[in-house]
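Here is what each chain is made of, one letter per residue.
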Amino acid sequence: MTRYIIRRLAFALFLVVAVSSASLLLAGAVPGDFASGTLGLEGARRDRLEQARERYGLDKPLAVQYRDWVAHAVRLDFGNSLLYDRPVGDLIPERAVNTAVLALTALTLATLVGLPLGIVVGSRHGGLMPSAIRAGSVVLLSMPPLLTSLFLVFVAARTGWLPISGMRSAVAPPGGAALDVLRHLVVPAAAIALPLAAMFERLQSQAMREVVRQPYVLAAVARGASRSRVVWRDALKAALRPIAAVYGLVVGTLLSGSFAVEVITAWPGLGRLMLEALSARDVYLVAGCAGMGSIFLAVATLFSDVALAFVDPRVTE
Amino acid sequence: MLAVAALLAAACRTDTGSTSGAAGKSVSTSIVRGGEIVASVRSEPRTFNRLTARDTTTDLVSELTQAKLVRINKVTQAVEPWLAESWTLAADRRTYTIRLRQNLTFSDGHPFTADDVVFAFAAVYDEKTGSILADSLKAGGKTLTVSASDPQTVVVTFPFAFAPGVRLLENLPILPRHKLEPALKAGKLADAWGLSTPPSEVVGMGPFVLREYTPGQRLRFERNPRYWRRAPDGGPLPYLDRVTVDVIPDQNAELLRLESGQIDTMSGEVVPESYATMKRAAGEGRVQLLDLGPVLWADSFWFNLKPGAFAGDARAAWLQRDELRRAISMAVDRKAFADAVFLGAGEPVYSFVTPANKEWYWTGTPATPHDPAGAKALLASIGLTDRNGDGLMEDASGQPARFSIVTQKGRPRLERGAAVVRDELKKIGLTVDVALLDANAVIERLVSGRYEAAMYPILPTDTDPGTNPDFWFSSGSFHLWNMSQPKPATDWERRIDELMAQQIGSADYAERKRLFDEVQQILYEHQPVVYFAAQKWYVAVSSRLVNVAPALYQPLPVLWAADTIAVRPR
């Protein structure tokens with residue numbers, strides 16, 4: 001097991017280095033840069049562009065910029081954001097925390113809703129409720145988070161019950177800052193959680209359906225054990241394995257990929273920061289965001305793999 | 001249009017009575033002081049230093065926190081004394097003696113003197129700073145000479161008799177010498193006032209002070225208690241206590257927030273796609289929808305006319321010909337263009353200067369007819385005909401008559417505009433490829449001259465052509481189709497140079513108008529830039545805003561006059 005974890009950690013490290021390096025090189029290689037965007041067409045006289053590039057260190061060849069960045073990165077200095085004029089190493093954790101809050105809330109919601117529904121649907125044969133749940137899941141699954149968030153923002157705007165965007169009010173309302181953040185969290189978290197809950201429900205119900213047909217389950221029922229006891233105690237354990245296998249992947253992609261929802265709902269997270277960095281061609285920030293995203297993915301996958309390895313030692317072979 | 005804008009401004013004030021607002025019209029004596037508005041922008045500011053960036057949010061921060069010597073009223077286009085109380089022009093018609101308002105202080109209490117004005121000019125002209133505002137503060141490419149004759153008097157000498165005169169000074173925010181002089185002396189002014197600067201360090205003489213900047217979320221401004229301007233009733237301005245500017249990257253979310261009353265105004269216009277929704281919201285009294293008429297500047301379509309740009313390319317024989325551009329102008333149905341691109345909220349235009357610019361528009365501008373047959377005949381005159389009967393044109397060498405248009409992706413009106421041009425030209429047999437790039441890449445391509453044709457919005461800072469020499473003169477860095485020419489590449493550009501040189505030197509408006517009409521006539525004949533339609537501008541603000549002076553000022557149609565905006569009491 002230790003060797004397995006070390007192997008996974010080494011791969012995680014490789015992933016982070018590869019993703020952030022590739023991001024920096026790609027962002028730097030495409031036409032246009034931070035200097036041209038800042039000056040605009042009206043101000044982008046050639047000499048002025050060169051002057052600005054020199055100031056931002058963009059006048060050097062990309063390979064040299066990359067070499068310098070790597071030299072600093074090994075000392076955990078990921079450069080200064082051109083856009084925010086602050087160290088990337090300071091900016092990323094601030095936004096990553098916001099993304100983590102959003103993603104973990106959404107994940108908890110999705111798990112609490114999706115898994116029980118999946119168990120209910122998977123353990124029953126026919127009936128109105130399973131059909132209704134299944135139909136709802138299909139609808140939610142077919143709606144990308146972009147549409148879900150637009151719909152929820154629309155509902156929030158129409159009803160006026162919840163803030164539509166941002167993470168905090170300009171002035172904390174009565175009830176305090178924590179309640180304010182919670183109110184702001186509802187729309188983006190629901191936008192992510194609803195399709196995710198639908199996915200969990202689908203996976204869980206399929207897994208459960210297969211498990212309840214297993215001879216040992218049928219035998220237990222035949223021996224007179226109550227069906228609900230068999231389902232929730234014996235079958236559930238076996239049916240959780242497929243979910244556990246994808247859980248890490250879901251967590252990783254959630255943390256690194258809630259771009260659309262963060263943009264629509266103006267949630268100041270990592271996804272939005274990445275988008276801003278890409279639009280502005282802030283190469284160091286792009287590399288930092290991509291690196292952080294891959295850290296999320298790597299860590300989540302690692303936990304998932306380790307958890308799976310404990311459940312099923314065959315995966316370490 | 002200006003009359004309409006003024007009427008609309010007045011309409012916004014209907015229930016408040018009368019005295020004097022941003023546009024100098026009558027407004028209320030019963031305006032309530034205090035309160036807060038929430039505005040929105042789509043992106044973070046690039047910096048708090050207006051000398052080094054020109055994005056909308058940086059511009060907004062500067063408008064709210066800094067002041068200038070004069071202000072151009074964006075509704076009337078008239079020059080208004082601002083930090084400068086008055087000025088006189090000497091007999092040489094080059095030297096302005098400017099008297100500053102007395103007893104003014106920056107927001108941190110430091111006294112404002114003529115030395116600050118001299119410093120601001122030194123900062124903007126500083127080579128190491130490389131300010132983007134430097135060119136807009138030059139006359140004929142030459143810097144102004146500025147000196148302080150006493151603490152309240154500044155002498156500004158132009159290199160020659162310059163017709164726009166003090167209008168030019170609107171481009172310069174008066175920055176605090178006591179805060180920024182060390183950076184200038186160290187050659188680091190370009191790095192000063194970055195986004196990590198504590199808000200308390202960003203001092204100015206504008207109506208508001210920056211109180212808080214939360215990256216990714218918002219900027220908060222509070223009223224500057226030392227703001228110098230007084231309301232018509234003698235009370236202090238600004239009326240508002242606070243302005244919060246939320247960063248909302250998504251346009252749909254921005255509109256929904258406005259509609260639901262969670263923000264009061266946006267930084268830009270209501271896009272055509274959202275007009276119907278906003279009109280409905282206005283009908284229900286949730287927002288005020290202000291119709292400002294067609295914009296001052298239509299989106300530009302032009303070819304790369306740099307000599308040698310297509311060296312070694314067989315298409316060089318026709319790509320830079322006047323006939324091609326004239327044929328395109330005739331081939332595109334401008335009404336259809338306006339309907340498709342602006343969803344009906346647009347009007348055909350034929351010139352860089354649109355009818356909205358009443359003072360300078362050449363009323364003799366011919367309306368190019370939609371004439372595909374005439375366009376084909378023109379193209380035939382430069383060797384472009386359908387030689388193989390496939391419905392598409394080929395040049396004399398048998399190569400397809402094909403070119404590409406570079407434009408910015410993510411801006412629906414530009415994407416649609418380029419698509420309409422492509423489709424219209426296909427009808428006469430020209431093949432067009434549309435290349436959608438992000439803004440940085442488009443700018444890079446245009447500045448480096450690596451493009452064939454482009455469609456892009458051009459927004460001069462002022463309606464007076466004399467203040468945009470970079471566009472008009474062949475040596476200008478913003479002479480779109482062939483930038484920074486060492487000498488005029490064509491006879492007609494040489495003639496425009498001559499006319500513009502006379503135009504900016506004449507003191508007589510009628511003479512200036514005559515000369516500029518001739519410039520527009522030459523441009524119409526040679527069509528270095530083709531214009532198809534101008535968008536009609538609608539601006540939406542919440543129903544609780546009063547004393548708004550909406551203007552056709554494309555970055556900040558409402559907040560350009562933030563000091564006189566007030567909110568209706570709840």
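Residues numbered from 1 in each chain as written. Chains lettered and ligands numbered in written order. Predicted model: local features only at pLDDT ≥ 70, side-chain atom pairs only at ≥ 80, totals over all residues. Heavy atoms only, no water.

Enquirer: So what's going on with the overall build of chain B? Which residues, and what values?
Expert: Summing up its helical and strand segments, chain B has 15 helices and 23 strands in all. What you see for chain B is a C-alpha radius of gyration of 24 Å, in line with the 25 Å of a compact globule of 570 residues. Taking all 570 residues of chain B together, the buried fraction comes to 62%. Contacts in chain B between residues at least 24 apart in sequence constitute 68% of all its contacts with a sequence separation of at least 6. Summing over all exposed atoms, chain B offers an accessible surface of approximately 19800 Å²; the carbon and sulfur share of this is 51%. (Helix = DSSP H or I, 4+ residues; strand = E, 2+ residues; numbered from the N terminus. Rg over C-alpha atoms; globule rule 2.2 N^0.38 Å. Buried < 20%, exposed > 50% of the residue type's maximum accessible area, 1.4 Å probe, protein only. Contact = heavy atoms within 4.5 Å. Areas by Shrake-Rupley, 256 points an atom, 1.4 Å probe, with all protein chains shown as cover.)

Enquirer: I'd like a description of the layout of surface pockets, backed by residues and values.
Expert: Taken as a whole, the second largest pocket encloses approximately 770 Å³ of empty space. Along its surface, the second largest pocket is lined by 38 residues, and Ser169 of chain A together with Val38, Arg257, Gly261 and Gln262 of chain B are the ones closest to its centre. Elements with a minimum of two residues in the lining of the second largest pocket: helix H7 (145–159) and helix H8 (176–212) of chain A together with strand S1 (36–41) and strand S12 (242–247) of chain B. (1 Å grid on protein atoms, 1.4 Å probe; cavity = no way out; pocket = protein on both sides within 12 Å on 5 of 7 lines; lining within 4 Å. Points joined across faces, edges and corners; volume = space filled by probe spheres on them.)

Enquirer: Which residues make up the sheet that holds strand S19 (residues 453–456) of chain B, and what values go with them?
Expert: Strand-to-strand pairing in sheets goes through backbone hydrogen bonds, with the strands running parallel or antiparallel. Residue and element names in this part refer to chain B. Here we have 5 strands laid out as an open sheet, ordered S18-S17-S19-S15-S20, and mixed in their pairing. In the strand order of this sheet, the two ends are held by strand S18 (431–437) and strand S20 (529–530), each with one partner. Here strand S17 (residues 402–408) runs beside S19; their pairing, made up of 2 bridges, is parallel. Residue pairing for S19: valine 406 is matched across the bridge by alanine 454. (Pairing = 2+ DSSP bridges.)

Enquirer: Give me the lowdown on the sheet that holds strand S8 (residues 145–150) of chain B, citing residues and values where you can.
Expert: All names here are of chain B. Ordered in space as S4-S5-S9-S8, the 4 strands form an open sheet in which the pairing is antiparallel. At either end of the open sheet lies a strand with only one pairing partner, and these are strand S4 (84–89) and S8. Strand-to-strand twist across the sheet, computed as the mean angle between neighbouring axes with direction ignored, equals 25°. Relative to strand S5 (residues 95–100), S4 runs antiparallel, the two being bridged by 5 bridges. (Axes fitted to C-alpha atoms, helices over the stretch in contact; angles between N-to-C directions.)

Enquirer: So, the pairing of strand S9 (residues 153–157) of chain B: which residues are in play, and what are the values?
Expert: All names here are of chain B. Of all 5 residues making up S9, 5 are buried, and the element is well covered by its neighbours. Going residue by residue along S9, you find Thr153, Val155 and Thr157 tucked away on one face and Val154 and Val156 tucked away on the opposite face as well. The pairing of S5 with S9 spans 5 bridges and is classified as antiparallel. The residue bridging threonine 95 from the neighbouring strand is threonine 157, located in S9. Across 5 bridges, S8 lies against S9 in antiparallel orientation. Paired with valine 146 across the strands is valine 156, a residue of S9. Hairpin connection between S8 and S9: a loop of 2 residues separates the two successive antiparallel strands.

Enquirer: Now, about the interface of chain B and chain A: what can you tell me, with residues and values included?
Expert: Tallying the contact residues gives 53 residues for chain B and 48 residues for chain A. Taken together, the connections running from chain B to chain A amount to 5 salt bridges. Here arginine 55 of chain A and aspartate 191 of chain B are joined by a salt bridge, their closest N and O atoms 3.5 Å apart. Linking chain B with chain A are 17 residue pairs in polar contact (both at pLDDT 80 or more). The set of elements that each furnish at least two residues to the side of chain B that touches chain A consists of strand S11 (218–223), S12, helix H5 (251–259) and helix H12 (439–448) of chain B. When residues in the side of chain B that touches chain A are grouped by element, the largest group, 7 residues, is from H12 of chain B. Of the residues that constitute the side of chain B that touches chain A, the class distribution is 22 nonpolar, 15 polar and 16 charged. (Salt bridge = Lys/Arg side-chain N within 4 Å of Asp/Glu carboxyl O. Polar contact = N/O pair within 3.5 Å; in protein donor to acceptor, adjacent residues only side chain to side chain. Nonpolar A, V, L, I, M, F, W, Y, C, P; charged D, E, K, R; others polar.)

Enquirer: Outline empty space enclosed by the protein, listing residues and values.
Expert: Residue and element names in this part refer to chain B. Scanning all chains against the criterion turns up 7 cavities of 30 Å³ or more. Taken as a whole, the largest cavity spans an internal volume of roughly 210 Å³. Glu63, Gln66, Arg71, Trp82 and Trp560 are the residues nearest the centre of the largest cavity, which is lined by 20 residues in total. When residues of the lining of the largest cavity are traced back to their parent elements, those giving at least two are helix H2 (56–65) and strand S2 (70–72). The dominant element in the lining of the largest cavity, judged by the number of residues it contributes, is H2, at 3 residues. The space that makes up the second largest cavity amounts to roughly 100 Å³. Contributing to the lining of the second largest cavity are 13 residues, with Ser351, Phe352, Leu523, Val529 and Tyr531 lying nearest its centre.

Enquirer: Which residues make up the nonpolar core, and what are the values?
Expert: Among the nonpolar cores identified, the biggest contains 202 residues, and Leu41 of chain A together with Phe301, Trp302, Phe403 and Leu430 of chain B are the most heavily contacted of them. The next biggest cluster of nonpolar side chains, apart from the first, holds 32 residues, and it includes Leu102, Leu152, Phe200 and Ala300 of chain A. (Core = buried A, V, L, I, M, F, W, Y, C linked by side-chain atoms within 4.5 Å.)

Enquirer: I'd love a proper account of unusual backbone geometry, names of residues and values included.
Expert: Here leucine 237 of chain B and proline 238 of chain B are connected by a cis peptide whose omega angle stands at 0°. Considering the arrangement of structural elements, one finds proline 238 of chain B in the loop between S11 and S12. Despite not being glycine, alanine 266 of chain A has its phi angle at roughly 50°, a positive value. Unlike most non-glycine residues, arginine 281 of chain A shows phi in positive territory, near 60°.

Enquirer: For helix H4 (residues 177–185) of chain B, give the residues involved together with the corresponding values.
Expert: Residue and element names in this part refer to chain B. Of all the residues in H4, the buried ones are Leu180, Ala183 and Leu184. Taken end-on, H4 shows its buried residues confined to a sector of 100°, consistent with a single buried face. Opposite its buried face, H4 presents the exposed residues Pro182 and Lys185, each directed more than 90 degrees away. The secondary structure elements touched by the buried residues of H4 are helix H3 (114–125). In the stretch just after H4, glycine 187 is the one whose phi turns positive, near 70°. (Arc of directions from axis to C-beta.)

Enquirer: Tell me about the packing of helix H2 (residues 34–43) of chain A against helix H3 (residues 46–56) of chain A, and please be specific about residues and values.
Expert: Residues and elements named next belong to chain A. At their nearest, the axes of H2 and H3 sit 9 Å apart, and the two run at 160° to each other. In terms of orientation, H2 lies roughly antiparallel with respect to H3. The two elements H2 and H3 meet at a crossing, and its hand is right-handed. Residue-level inspection shows Phe34, Ala35, Ser36, Thr38, Leu39 and Gly43 of H2 in contact with H3, the latter providing Arg48, Leu49, Ala52, Arg53 and Tyr56. Per-class residue counts for the contact of H2 with H3 are 6 nonpolar, 3 polar and 2 charged. (Parallel < 35°, antiparallel > 145°, perpendicular 65-115°, else oblique. Left-handed = near helix turned anticlockwise from the far one by under 90°.)

Purely geometric stuff here, so don't read any function into it on its own.
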